[in-house]
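Residues per chain are reported as follows:
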Amino acid sequence: MSRVAQLDSLALDSELHQGIWSEFQSQFKPVKYIDEWQLLLHTLIYHFSTHTSVAGVSTYGSQLSGVTYRTSKSTLFLVTVLVRYIHKKLSTLLVRREGYAKLYRVAAKWYHCYDLANFLSFLARPLFLSPIHRLFGIRCVRALDDPNFYLSTVYSGLEFQNRQLMWNALLELLNANFFNSHFFSKRSLVKNARPTGPEECAKCRDVPNNPYSTSCCGATYCYVCVLISLDIKFCNNCGNRGDFSAIPLYAPPRLTE
């Protein structure tokens, strides 16, 4: 069974919990009992996103990764949610007490060493994801025989593609409305200015559409591109930042700023 699938299941579960918790914080802004609010929210997420089948217990992340846990739902809740809350509260309590702070730090170092050894063992033979999983005997097994695995994987892929499309559209919007503004055009285009031929627009580097020629260097522009260049007073071909004009290549009228 793929080790990456098991690690991905943990990462996806963590992303789900952290995303919903961040949204909860931004909306309700809890000030007191933050750990308890987080425990309550994680408990609700676990309850509604975890399902039990004949193959085992499947969380949100394990369903998308094609793995399942051979244990009971209550035991997995203890390991994934409750143990973290207990560890956070216990560590805060022990660190504040001078007599137990040193003991806690020593125990934490030993646990980290054991965690590293468990991870190396996991890489050699993927049985237990963490020492806590090993302690409770919780193992990951392949869930490809689950009929919902393929459907969940398809939905996951489509969701990822939709997210990529959204970011691409956002970047295009920023590029069109922000980075191509007058402020950036006057500065960044000077660095990118280079001579062009008569069959290439000096701004968009494409075949000129309704071509115009500038008075400063005779460069060829599209009609829309030359309007922008005249407006910002910058020629992409020669780098001129003064006043210049443009005339159409196939008609005598002169176009000025």
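Shown above is the structure to which this text applies.
Quick notes on the rules
Residues numbered from 1 in each chain as written. Predicted model: local features only at pLDDT ≥ 70, side-chain atom pairs only at ≥ 80, totals over all residues. Heavy atoms only, no water. Buried < 20%, exposed > 50% of the residue type's maximum accessible area, 1.4 Å probe, protein only. Helix = DSSP H or I, 4+ residues; strand = E, 2+ residues; numbered from the N terminus. Salt bridge = Lys/Arg side-chain N within 4 Å of Asp/Glu carboxyl O. 1 Å grid on protein atoms, 1.4 Å probe; cavity = no way out; pocket = protein on both sides within 12 Å on 5 of 7 lines; lining within 4 Å. Points joined across faces, edges and corners; volume = space filled by probe spheres on them. Nonpolar A, V, L, I, M, F, W, Y, C, P; charged D, E, K, R; others polar.

The next subject is helix H9 (residues 223–232). Listed in full, the buried residues belonging to H9 are Cys225, Val226, Ser229, Leu230 and Ile232. Taken from the residues just after H9, lysine 233 is the one with a positive phi, measuring 55 degrees.

To continue, consider the pattern of salt bridges. Within this structure, the stated rule accounts for four salt bridges. Note that lysine 88 is salt-bridged to aspartate 35, the shortest N-O span being 3.8 Å. With lysine 88 in helix H4 (residues 73–96) and aspartate 35 in helix H2 (residues 34–49), this residue pair connects regions lying 53 residues apart in the sequence. Between glutamate 36 and lysine 89 there is a salt bridge, with the nearest N and O atoms lying 3.5 Å from each other.

Right, let's talk about the layout of surface pockets for a bit. The space that makes up the largest pocket amounts to roughly 700 Å³. Surrounding the largest pocket, 21 residues form its lining, Val83, Arg84, His87, Tyr111 and Ile132 being those nearest its centre. Of all the elements in the fold, those that place two or more residues in the lining of the largest pocket are helix H1 (3–28), H4, helix H5 (98–124) and helix H6 (131–136). Of all the elements, H4 adds the most residues to the lining of the largest pocket, at eight residues. Here the residues of the lining of the largest pocket are counted per class, giving 14 nonpolar, five polar and two charged. When its volume is computed, the second largest pocket comes out at roughly 410 Å³. Taken together, 21 residues make up the lining of the second largest pocket; nearest its centre are His17, His42, Thr80, Val81 and Arg84. Of all the elements in the fold, those that place two or more residues in the lining of the second largest pocket are H1, H2 and H4. Tallied by class, the residues present in the lining of the second largest pocket amount to eight nonpolar, nine polar and four charged.

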